[in-house]
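Given next are the chains, with one letter for each unit.
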Amino acid sequence: MKKLLDLLTEEMQQAFEAAGYDKNLGKVGISNRPDLCEYQCNGAMAGAKQYKKAPIMIANEVAEKLSGTTVFSEVDAVAPGFLNLKVSESFLCDYMRRMSEEEKFGLEAPKKPKTIVIDYGGPNVAKPLHVGHLRSAVIGESIKRMSRYAGHKVIGDVHLGDWGLQMGLIISELQVRKPELPYFDDSYTGEYPVEAPFTLSELEEIYPTASGKSKVDEEFKAKALQATADLQKGKPGYRAIWKHIMELSIADLKKNYEKLKVDFDLWYGESDSQKYIPDMVEKMKKDGFAYISNGALIVDVATEEDKKEIPPCIILKSDGAAMYDTTDLATILQRTIDFAPDSIIYVVDKRQELHFEQVFRCARKTGQVAENTELKFLGFGTMNGKDGKPFKTRDGGVMRLSSLISQITDQMYEKISGNEALSQEEAKETAQVVALAALKYGDLSNQASKDYIFDIDKFISFEGDTGPYILYTIVRIKSILNKYREQGKEISMESLSAAQNASEKALVMELCQFNSMMESACEELAPHKVCAYIYDLANAFNRFYHETKILSEEDEAKRAGWIALLNLTRDILECCIDLLGFSAPERM
Ligand code: ARG
């Protein structure tokens, strides 16, 4: 379905043409004087030179041609030659009715749907999820949902960090603690135990201990590095430990992501790219791209035009171990083989920008990726505390994601439990739903690339630009719709009627922006645009609601029209929050 602004432009272009002018002058834009008009066209100003005529004369002639228009309710030619426009209420009503009938409220499918792989989440196994992983999960999930809604084929991949030094550290520390285990006996040929020799919480203690030790104990570090290389080479005992770690870790990660309403199509990790590494490396060598420098195998990626230094990609360390660069390169190759994607999008902390610059250059240079595949780094900013420094626990440690979620859920419960209409059970469930909205909206309403302040008190507020405010608005609409049904009436979109006052028209105009907003939000991978839109929409609805007695309106047609308007508003708000990755409760 065409966008509203395009329809207005078409109407204006016809008028320019009818008046004998170039139709391209008839471009309509949003008014920059909303006190005077809703839309405007500056084409007469632009045409003055070309036609050697005073702009106001052109504007008058064009306005004349629009005298019988059903699209505009007002067309004013004003000095020195602007066309000030108001759109007709009945035209808007028709547009809105069509929106309500169309799939996706009139958002058009892409001309050529793309295959897109989104790399997000990126947790490291054996390490608990911390707040640093929150943004990737929240933003990535929303971009996945939006791109899918826009009509693309989208594959979300968690890309676990499961092949690096942390694995060698855990293996080495385990060997120190339990050297008698069969995993460390090179002559052992039997089956390894099914049960892991550690629990998840032990694992979560083993890793930081080992990591700390490696920083002060050179010998231990060397062992861990060796274990990492041996694991990658496929040493059976180490692979068996690795499998235990993966099983425990992934089960826990899945639980946590589920709480966040984040889900992945693929649970691949760095390790899954291992099978592509030997051939990839061979080819890089054979093609003359990879060479040995200081014992490591590297590929230069710097170019003459570089303003800053771009270090080479490290493909293999001197001990033969694969690096972060290596697994990312082989993963690009893997994705190219598996999906031939049009685009691979990485939703990762922007502090990793240089790493991706190197990897992308190397992938292109050495041919791991098809020429027409776009590699896109969507770097996000840091989540800071109120002090403007990276978010920490009170004692300065790294905050676990699960603690953060419980904290915000508890605070929300406290707020909501004041509502006596809710049972304790319902209040608990509602608190979870609303807390998730607070958390996600608080994040997504900021442009992803910017740092932002994580301010729980602000995020959980029911007023202002917050998730709970949006949910509160939806709940308010739902309650009106329920009461209407209780009056024994059915909601019919046929009842939509032309707006009768300013606040109603403002609400309708917001609704009619949906497809145009969604198209650009999806194209620009910008969930914050969806947030800004629903905030405006919720404000427009609340203004209308405060000025209008809906349920007690005596004129039945009027009442039914407003109810249909509310129904569409609710549908659009719920569609948008679903794309942001949260939902609304029935009551709150
Ligand atoms: N595991 C990494 C980290 O915690 C993030 C992974 C991002 N994705 C990627 N393909 N490198 O820093």
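Basis of the calculations
Residues numbered from 1 in each chain as written. Predicted model: local features only at pLDDT ≥ 70, side-chain atom pairs only at ≥ 80, totals over all residues. Heavy atoms only, no water. Near = heavy atom within 4 Å. Polar contact = N/O pair within 3.5 Å; in protein donor to acceptor, adjacent residues only side chain to side chain. Areas by Shrake-Rupley, 256 points an atom, 1.4 Å probe, with all protein chains shown as cover. Helix = DSSP H or I, 4+ residues; strand = E, 2+ residues; numbered from the N terminus. Nonpolar A, V, L, I, M, F, W, Y, C, P; charged D, E, K, R; others polar. Buried < 20%, exposed > 50% of the residue type's maximum accessible area, 1.4 Å probe, protein only. Core = buried A, V, L, I, M, F, W, Y, C linked by side-chain atoms within 4.5 Å. Contact = heavy atoms within 4.5 Å. Patch = residues over 30% accessible without salt bridge, like charges linked within 9 Å, V, L, I, M, F, W, Y side chains within 5 Å. Salt bridge = Lys/Arg side-chain N within 4 Å of Asp/Glu carboxyl O. Lys, Arg positive; Asp, Glu negative; His and termini not counted. Charge placed at Lys NZ, Arg CZ, Asp CG, Glu CD. Pairing = 2+ DSSP bridges. Axes fitted to C-alpha atoms, helices over the stretch in contact; angles between N-to-C directions. Phe/Tyr/Trp six-rings, centres within 6.5 Å; stacked < 30°, edge-to-face > 60°. Lys NZ or Arg CZ within 6 Å of the ring centre and 35° of its normal.

Asker: Would you take a moment to explain the site of the ligand for this structure?
Answerer: Lining the immediate surroundings of the ligand are Asp119, Gly122, Asn124, His133, His159, Tyr324, Asp328, Tyr346, Val348, Gln352 and Phe356. Taking Gly122, its main chain carries an N or O atom lying 2.9 Å from a nitrogen atom of the ligand. For the ligand, whose accessible area on its own is 350 Å², the fraction buried by protein is 86%. Secondary-structure elements contributing two or more residues to the shell around the ligand are helix H11 (324-339) and strand E10 (343-349). When grouped by side-chain class, the residues that make up the shell around the ligand number four nonpolar, five polar and two charged.

Asker: Honestly, unusual backbone geometry in this entry has me stumped. Any pointers?
Answerer: Leaving glycine aside, a negative phi is the common case for residues, and trans is the common case for peptide bonds. The omega angle of the peptide bond from Ala79 to Pro80 is 0°, so this bond is cis rather than trans. Looking at where Pro80 falls in the secondary structure, it is placed in the loop between strand E3 (72-78) and strand E4 (82-87). Residue Ala126 is not a glycine yet carries a positive backbone phi of 75°. Checked against the element boundaries, Ala126 lands in the loop between strand E5 (115-119) and helix H5 (132-149). On the basis of relative accessible area, Ala126 is assigned to the buried category, the value being 2%. The residue Ala340 is not glycine, and still its phi comes out positive at about 40°. By secondary structure assignment, the location of Ala340 is in the loop between H11 and E10. Classification of Ala340 by relative accessible area gives exposed; the value is 55%.

Asker: Looking at this model, I keep getting lost on the nonpolar core. Mind explaining?
Answerer: For soluble globular proteins, nonpolar side chains are generally found buried alongside one another. Counting residues in each nonpolar core, the largest one holds 161 residues, and the members touching the most others are Met12, Val62, Leu404, Phe454, Phe514, Met518 and Ile572. For this core, the element with the most residues is helix H20 (residues 556-580), which contributes 14 residues. Excluding residues that lie within four positions of it along the chain, Leu404 makes contacts with Val131, Leu134, Met383, Phe391, Met399, Leu439 and Phe454. Within the second largest apolar cluster, 32 residues are counted, among which are Ile155, Val301, Ile310 and Ile344.

Asker: Sorry if this is basic, but what is going on with a negative patch on the surface here?
Answerer: Side chains of Asp6, Glu101, Glu102, Glu103, Glu108 and Glu494 sit close together on the surface and give a patch of like negative charge. With respect to the helices and strands, the residue Glu101 is situated in helix H4 (residues 89-101). Given the relative accessible area of 56%, Glu101 is considered exposed.

Asker: Explain the sheet that holds strand E6 (residues 153-157) to me, please; I cannot follow it from the model alone.
Answerer: Neighbouring strands of a sheet are bound in pairs by backbone hydrogen bonds; such pairs are parallel or else antiparallel. Taken together, the four strands give an open sheet; going across it, the order is E6-E5-E10-E11, and neighbouring strands pair in parallel fashion. Edge positions in the sheet fall to E6 and strand E11 (374-380), since each has one partner strand and no second. Averaged over neighbouring strand pairs, the angle between their axes works out to 20° when direction is ignored. Here H11 sits on the sheet in contact with E5, E6, E10 and E11, set at roughly 145° to E10. Helix-sheet contacts for helix H12 (residues 353-366) involve E10 and E11, and the interaxial angle to E11 is about 175°.

Asker: Quick question: what am I supposed to make of the packing of aromatic side chains here?
Answerer: The geometry of two aromatic rings is summed up by the distance between their centres and the angle between their planes. This structure, assessed with the given rule, holds 22 aromatic pairs. Aromatic pair Tyr183 and Tyr192: ring centres 5.3 Å apart, planes at 10°, arrangement stacked. An angle of 45° between the planes, with centres 4.8 Å apart, marks the rings of Tyr346 and Phe356 as tilted. With Tyr346 in strand E10 and Phe356 in helix H12, this residue pair connects regions lying ten residues apart in the sequence. Given a relative accessible area of 0%, Tyr346 falls into the buried group. Three or more aromatic residues joined by ring pairs make a cluster, and in this case those are Tyr120, Tyr257, Phe264 and Trp267. Looking at Lys254, its charged tip hangs above the ring of Trp267, at a distance of 5.0 Å from the centre.

Asker: I would appreciate a short explanation of the sheet that holds E3 in the present structure.
Answerer: Pairing within the open sheet is antiparallel, and its four strands lie in the order E1-E2-E4-E3. Each edge of the open sheet is held by one strand with a lone partner, namely strand E1 (28-30) and E3. Going from strand to strand, the sheet's axes swing by 30° on average, the running direction of each strand aside. Two strands pair when backbone bridges link them, and E1 and strand E2 (residues 39-41) are joined in this way by three bridges, in the antiparallel orientation.

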